[in-house]
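Examining the three-dimensional arrangement
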Amino acid sequence: MEMIAIDRDFTLVKTSKVHGKGVFAKKNIPKGTRIFEYAGERVQKVNLASDLTRGLTTLIYVMNLNETYAIDGERGGNDSRFINHSCDPNCEVLYFNDTPYIYAIKEIPEGEELSFDYKYGSETDVELTTEQKKEWFPCNCGAENCRGTLLCD
Ligand SMILES: [Zn+2]
């Protein structure tokens, strides 16, 4: 009897039209698929500023985890860190045991770029106007419903 290996490797990384590198489906990904973990080192958020100063991170691939910790995809991460933001994403992040995973929320055809909604908070006590949000944290995802900024509200 022939053994059939299941290829669970759904993605490849290449240059994106949205921004820098992106992650693409190398075969059709069914809706609901857990594609991979958003891997990386667990870092204390209170240390991130000094980590940046010490050259340990650029903060580009940091995903918020909880009050205290974030995941830094730049340290010990995988390809998931290259997924770009979209206001009309085909993936979402779900947490199990404090570990973030990337799930397909729709059928993703081969060749399509993966995306999720970063839903950045402004992380300041200052209320930004819509114009400031768009100027300082612009989104160029190209979706029809693009809100023009990476911030969520
Ligand atoms: Zn957008």
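Residues numbered from 1 in each chain as written. Predicted model: local features only at pLDDT ≥ 70, side-chain atom pairs only at ≥ 80, totals over all residues. Heavy atoms only, no water.

Re the pattern of salt bridges
Let me state the cut-off plainly: Criterion for a salt bridge: a side-chain nitrogen of Lys or Arg within 4 Å of a carboxyl oxygen of Asp or Glu. Only DSSP runs of H or I reaching four residues or more are called helices, and only runs of E reaching two or more are called strands; each is numbered from the N terminus. When a residue's accessible area, from a 1.4 Å probe over protein chains only, is under 20% of the maximum for its type it is buried; when over 50% it is exposed; and in between it is partly exposed.
Taken as a whole and judged by the stated rule, the model has 6 salt bridges. With a closest N to O distance of 3.2 Å, Asp51 and Arg75 form a salt bridge. Residue Asp51 is located in helix α1 (residues 48–53), and its partner Arg75 is located in the loop between β6 (69–72) and β7 (84–85); the two are separated by 24 residues in the primary sequence. Residue Arg75 pairs with Asp72 through a salt bridge whose shortest N-O separation is 2.8 Å. Since its relative accessible area comes to 13%, Arg75 is described here as buried. You can call Asp72 buried: its relative accessible area is 0%. A single salt-bridge network, built from bridges that share partners, covers Asp51, Arg54, Asp72 and Arg75.

What to know about the layout of surface pockets
The test is simple: Of the two site types, the cavity is a set of points on a 1 Å grid over the protein atoms alone where a 1.4 Å probe fits but cannot get out, and the pocket is an open set with protein on both sides within 12 Å along at least five of seven lines, each lined by residues with an atom within 4 Å of a point. Grid points are joined across faces, edges and corners, and a volume is the space filled by probe spheres set on the points. The residue classification treats Ala, Val, Leu, Ile, Met, Phe, Trp, Tyr, Cys and Pro as nonpolar and Asp, Glu, Lys and Arg as charged. All others, Gly included, are polar.
Considering only enclosed or pocket space, the largest pocket measures out at about 1,400 Å³ in volume. Listed by contribution, the elements that provide at least two residues to the lining of the largest pocket are α1, β5 (62–64), β7 and β8 (91–96). Sorting elements by how many residues they give to the lining of the largest pocket places β8 first, with 4 residues. Residues belonging to the lining of the largest pocket are distributed by class as follows: 26 nonpolar, 10 polar and 7 charged. By volume, the second largest pocket is sized at about 180 Å³. Forming the walls of the second largest pocket are 14 residues, and the residues nearest its centre are Ser86, Asp88, Glu113, Ser115 and Cys141. Here the lining of the second largest pocket is composed, by residue class, of 5 nonpolar, 5 polar and 4 charged.

Looking at the sheet that holds β8
Backbone-to-backbone hydrogen bonds pair the strands of a sheet. The strands run either parallel or antiparallel. As a reminder of what qualifies: Pairing between two strands requires that DSSP report at least two bridges joining them. In this analysis an axis means a line fitted to C-alpha atoms, helices contributing only their contacting stretch, and an angle means the value between N-to-C directions, from 0 to 180 degrees.
Taken in spatial order, the 3 strands line up as β3-β9-β8 in an open sheet, and their pairing is antiparallel. Each edge of the open sheet is held by one strand with a lone partner, namely β3 (34–37) and β8. Averaged over all pairs of adjacent strands, the angle between their axes in this sheet comes to 30°, without regard to strand direction. As defined by bridge partners, β3 adjoins strand β9 (residues 99–104) across 3 bridges and the pair is classed as antiparallel. Bridged to Glu37 within β9 is Tyr101.

Overview of the coordination of the zinc ion
Stated precisely, the cut-off is as follows: Any N, O or S atom lying within 2.8 Å of the metal counts as a donor, with the limit raised to 3.2 Å for Na, K and Ca; because water is left out of the atom set, some sites can appear incomplete.
The zinc ion binds to the protein through Cys87 (SG), Cys139 (SG), Cys141 (SG) and Cys146 (SG); the donor distances cover 2.3 to 2.4 Å. Mapped onto the sequence, the donors of the zinc ion take the spacing C-x51-C-x1-C-x4-C. Placement of Cys87 in the loop between β7 and β8 and of Cys141 in the segment after α2 (130–136) is noted, with a sequence separation of 54 residues between them. In this structure Cys141 comes out as buried when scored by relative accessible area, which is 16%.

Focus on the environment of Leu48
For clarity, the cut-off: In this description, contact between two residues means that some pair of their heavy atoms is separated by no more than 4.5 Å.
Here Leu48 lies in helix α1. The exposure class of Leu48 is buried, given its relative accessible area of 12%. When residues no more than four places from it in sequence are discounted, the contact partners of Leu48 are Val43, Leu59, Val62 and Arg75.

Overview of the packing of aromatic side chains
Let me state the cut-off plainly: When the centres of two rings from Phe, Tyr and Trp lie within 6.5 Å, Trp using its six-membered ring, the rings pair. Their planes under 30 degrees apart give stacked, over 60 give edge-to-face, and anything left gives tilted. Only Lys NZ and Arg CZ are tested; either one counts as a charge over a ring when it is within 6 Å of the ring centre and within 35 degrees of the ring normal.
As enumerated under the stated definition, the model contains 4 aromatic pairs in all. Taken together, a centroid distance of 5.2 Å and an interplanar angle of 45° make the contact between Phe116 and Tyr118 tilted. Residue class for Tyr118 comes out partly exposed when judged on its relative accessible area of 25%. Chaining the aromatic ring pairs together yields one cluster made of Phe96, Tyr101 and Tyr103. We note Lys14 situated over the ring of Phe24; from NZ or CZ to the ring centre the distance is 4.7 Å. The ring centre of Tyr61 lies 5.7 Å from the NZ or CZ of Arg81, which sits over that ring.

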